[in-house]
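# Commentary on secondary and tertiary structure
Below are the chains, spelled out letter by letter.
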Amino acid sequence: MNRQSIFFTITVSFIISILLVIISFGILMVGNQKRVGHHLYDKYKPVSQLVFRQHFRHGGVNKKFVENLRSLNFEIFTKKGLIDGITYNPKTKVLTERRFRDGIFRVLQVNDRQFIYLKKRGNTFLIEDKDAYTKDSRVYIVLGFAIILITLILSFIVTLRKLMPLKLLKEKVNTLGDENFDFECCNLEGNDEVSQLAREFKESAKKLKDVKEARNVFIRNIMHELKTPITKGKFLTELERSEKNDATLKEVFNRLESLINEFASIEELISSTKNIEKKHYFLDDLIDNAKDILMIDDNVIEGSFDNKKIEVNFKLFSIAIKNLIDNAIKYSDDKKVLIQTENEDIIFINSGKELEFALEKYYEPFFANEDKSKNSFGLGLYIIHNILKANNYSLSYVYKNGKNIFTCKKDEE
């Protein structure tokens, strides 16, 4: 196991904690035993001294002495059979023991009875304390130790389970370099730090996936858009020089230059990690710029829009308008487009067939180029959708009375 690993540190900490608890348990058990032993010895020492004084100084235990002990709730046994019956009973527990040079002092307990066992110079006495019964406090110590141990083990297991997704997370992150952006590895709904980290990594993986797909679309779009003017330019170079052909060739190069500038703006949008720069521009200027890029006549666009100011990125929003106009003209019956405004919304209307699929389908990369024989908008709607989103707009679509109606709706801040 890696010694720098969090799991190694937690495991070592758990083992140290267990060892400390076990050592503490041992110290408590020994300390408790000594405390009980001192208490019982101090308690019964006067009684033992009294018995020995009576036996060795006054000629033995007599009836009067026995009566005096009974008055103190002590019962003395001197017969060997009775003493052996208690001392050799398998159920008898030794609570404490003191050994001296010429004798032994013990406190015994059997069932609910407590005895003092005394032996000195070959004489043995057993005294029952009628009032006392020493409860074994070790039970509470063992119970407390068990609770602490179980708590530590459960805490260790819970901690490992909480941190286990980190290993999966590490493996998933390692696969990002292989462009494996599917990031379902652990609980993403939790509020703990690991779940938050997993959510952030998933979001990063999604962004990387979107950038990769967007760049693929971008490259395909370059190939698709450049193909027509390049083919046209190659054809013109094979024709005889004339003013008309030279003018057309110049238009081709202007178109290529416009496309390169457009691609640069789209690439900026794809690779941007921050909000794009937006300012207030007149809608008329944005539409004029879109027409210049398309190189179309003014009569193609029918306008009844208010020339209001909107807050957008000029280059990118012009590209979105250009693509909306281009699509409207390309797929309309009369090759014209009507532009209207309603509050903050910009509306593009053309006559033609209804979209075969839901609008969101055309936002998917590569979907548009799957079948050119059907309603298809190339990669235009994909680009439009992303540019509008970056400018706080969204696109909606309805088909009404033979008209396709695309609306650029201003999103709420």
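Residues numbered from 1 in each chain as written. Predicted model: local features only at pLDDT ≥ 70, side-chain atom pairs only at ≥ 80, totals over all residues. Heavy atoms only, no water.

## Here's the deal with the packing of helix H8 (residues 314–330) against helix H9 (residues 380–390)
Contact geometry for H8 and H9: axes closest at 9 Å, N-to-C directions at 145°. When you trace H8 past H9, the crossing you get is left-handed. Only Gly380, Leu381, Ile383, Ile384, Ile387 and Leu388 of H9 make contact with H8, whose side of the interface consists of Leu316, Phe317, Ile319, Ala320, Asn323, Leu324 and Asn327. The residue makeup of the contact of H8 with H9, split by class, is ten nonpolar, three polar and no charged. (Axes fitted to C-alpha atoms, helices over the stretch in contact; angles between N-to-C directions. Helix = DSSP H or I, 4+ residues; strand = E, 2+ residues; numbered from the N terminus. Left-handed = near helix turned anticlockwise from the far one by under 90°. Contact = heavy atoms within 4.5 Å. Nonpolar A, V, L, I, M, F, W, Y, C, P; charged D, E, K, R; others polar.)

## Describing the pattern of salt bridges
Taken as a whole and assessed by the stated rule, the structure comprises twelve salt bridges. One salt bridge in this structure joins arginine 70 and glutamate 75, with 3.0 Å as the shortest N-O distance. Judged by its relative accessible area of 40%, arginine 70 is partly exposed. A relative accessible area of 16% means that glutamate 75 is categorised as buried. We note a salt bridge from aspartate 345 to lysine 409, for which the minimum N-O separation is 3.8 Å. Taken together, the positions of aspartate 345 in strand S10 (residues 345–351) and lysine 409 in strand S12 (residues 403–410) put the pair 64 residues apart, joining distant regions of the chain. Assessed through its relative accessible area of 36%, lysine 409 is described here as partly exposed. (Salt bridge = Lys/Arg side-chain N within 4 Å of Asp/Glu carboxyl O. Buried < 20%, exposed > 50% of the residue type's maximum accessible area, 1.4 Å probe, protein only.)

## Observations regarding unusual backbone geometry
Note on backbone geometry: most residues besides glycine have negative phi, and most peptide bonds are trans. Phi at asparagine 73 takes a positive value of approximately 65°, unusual for a residue other than glycine. By secondary structure assignment, the location of asparagine 73 is in the loop between helix H2 (63–71) and strand S1 (74–77). For asparagine 73, a relative accessible area of 33% puts it in the partly exposed group. The phi angle at arginine 121 is positive, at roughly 55°, despite the residue not being glycine. Within the secondary structure layout, arginine 121 lies in the loop between strand S4 (113–120) and strand S5 (123–129). Among the residues examined, arginine 121 registers a relative accessible area of 56% and is labelled exposed.

## Comments concerning the packing of aromatic side chains
If you walk through the whole model with that rule in mind, you get twelve aromatic pairs. When the centroid spacing of 6.5 Å and the interplanar angle of 55° are considered together, the rings of phenylalanine 77 and phenylalanine 115 count as tilted. Of this pair, phenylalanine 77 sits in strand S1 while phenylalanine 115 is found in strand S4, placing the two residues 38 residues apart along the sequence. Judged by its relative accessible area of 18%, phenylalanine 77 falls in the buried class. By the ring-pair criterion, three or more aromatic residues cluster together here, those being Tyr41, Phe100 and Phe105. Across the ring face of tyrosine 41, the terminal group of arginine 98 is positioned such that the distance to the ring centre comes to 4.3 Å. The ring of phenylalanine 56 has arginine 121 sitting right over it, with the charged end atom 4.8 Å from the ring centre. (Phe/Tyr/Trp six-rings, centres within 6.5 Å; stacked < 30°, edge-to-face > 60°. Lys NZ or Arg CZ within 6 Å of the ring centre and 35° of its normal.)

## Things to note about the nonpolar core
Among the nonpolar cores identified, the biggest contains 38 residues, and Phe317, Ile321, Ile325, Phe348, Leu395 and Phe406 are the most heavily contacted of them. Of all the secondary structure elements, the ones that give two or more residues to this core are helix H7 (283–294), strand S8 (309–312), H8, strand S9 (337–342), S10, H9, strand S11 (393–400) and S12. Excluding residues within four positions of it along the chain, leucine 395 makes contact with Leu324, Leu359, Tyr363, Leu381, Ile384, Leu388, Phe406, Thr407 and Cys408. (Core = buried A, V, L, I, M, F, W, Y, C linked by side-chain atoms within 4.5 Å.)

## Topic: the sheet that holds S9
Strand order across the open sheet formed by five strands is S7-S9-S10-S12-S11, with mixed pairing between neighbours. Each edge of the open sheet carries a strand with a single partner, namely strand S7 (301–304) and S11. Direction aside, neighbouring strands of the sheet carry axes that sit 20° apart on average. Looking at chain direction, S10 and S12 are connected through six bridges and run antiparallel. Its bridge partner lying in S12, isoleucine 347 is registered against threonine 407. Against the sheet, H9 engages S11 and S12, with an angle of about 130° to S11. (Pairing = 2+ DSSP bridges.)

## A look at the packing of H7 against H8
At their nearest, the axes of H7 and H8 sit 8 Å apart, and the two run at 65° to each other. Relative to H8, the crossing made by H7 is right-handed. Across from Leu283, Asp285, Leu286, Ile287, Asn289, Ala290, Ile293 and Leu294 in H7, the residues of H8 making contact are Phe314, Phe317, Ser318, Ile321, Lys322, Ile325 and Asp326. Classifying every residue of the contact of H7 with H8 by side-chain character gives ten nonpolar, two polar and three charged.

## A short note on the confidence of the model for the chain
Considering every residue of the chain, the mean pLDDT works out to 81; 82% of them sit at 70 or more. With pLDDT under 50 throughout, residues 368–376 is counted as low confidence; its partners more than four residues away or in other chains account for 18 contacts. (pLDDT = per-residue confidence, 0-100.)

## Here's the deal with the pairing of strand S2 (residues 93–99)
For a regular strand, the rule is simple: side chains alternate between the two faces of the sheet. Bridging between S2 and strand S3 (residues 103–110) involves six bridges; their strand directions are antiparallel. Paired with lysine 93 across the two strands is glutamine 109, which belongs to S3.

## Quick notes on a nonpolar patch on the surface
Together, Val12, Ile15, Ile16, Leu19, Leu20, Ile22, Ile23 and Ile27 make up a nonpolar patch on the protein surface, roughly 730 Å² of accessible area in all. Mapping valine 12 onto the fold places it in helix H1 (residues 6–57). Under the relative-accessibility criterion, valine 12 is labelled partly exposed at 32%. (Patch = residues over 30% accessible without salt bridge, like charges linked within 9 Å, V, L, I, M, F, W, Y side chains within 5 Å. Areas by Shrake-Rupley, 256 points an atom, 1.4 Å probe, with all protein chains shown as cover.)

## What to know about the sheet that holds S5
Here we have five strands laid out as an open sheet, ordered S1-S5-S4-S3-S2, and antiparallel in their pairing. In the strand order of this sheet, the two ends are held by S1 and S2, each with one partner. Ignoring which end each strand starts from, the neighbouring axes of this sheet average 20° apart. Here S1 pairs with S5 via four bridges, running antiparallel. Its bridge partner lying in S5, isoleucine 76 is registered against isoleucine 127. Relative to S5, helix H3 (residues 80–87) is tilted by about 65°, and along the sheet it contacts S1, S3, S4 and S5.

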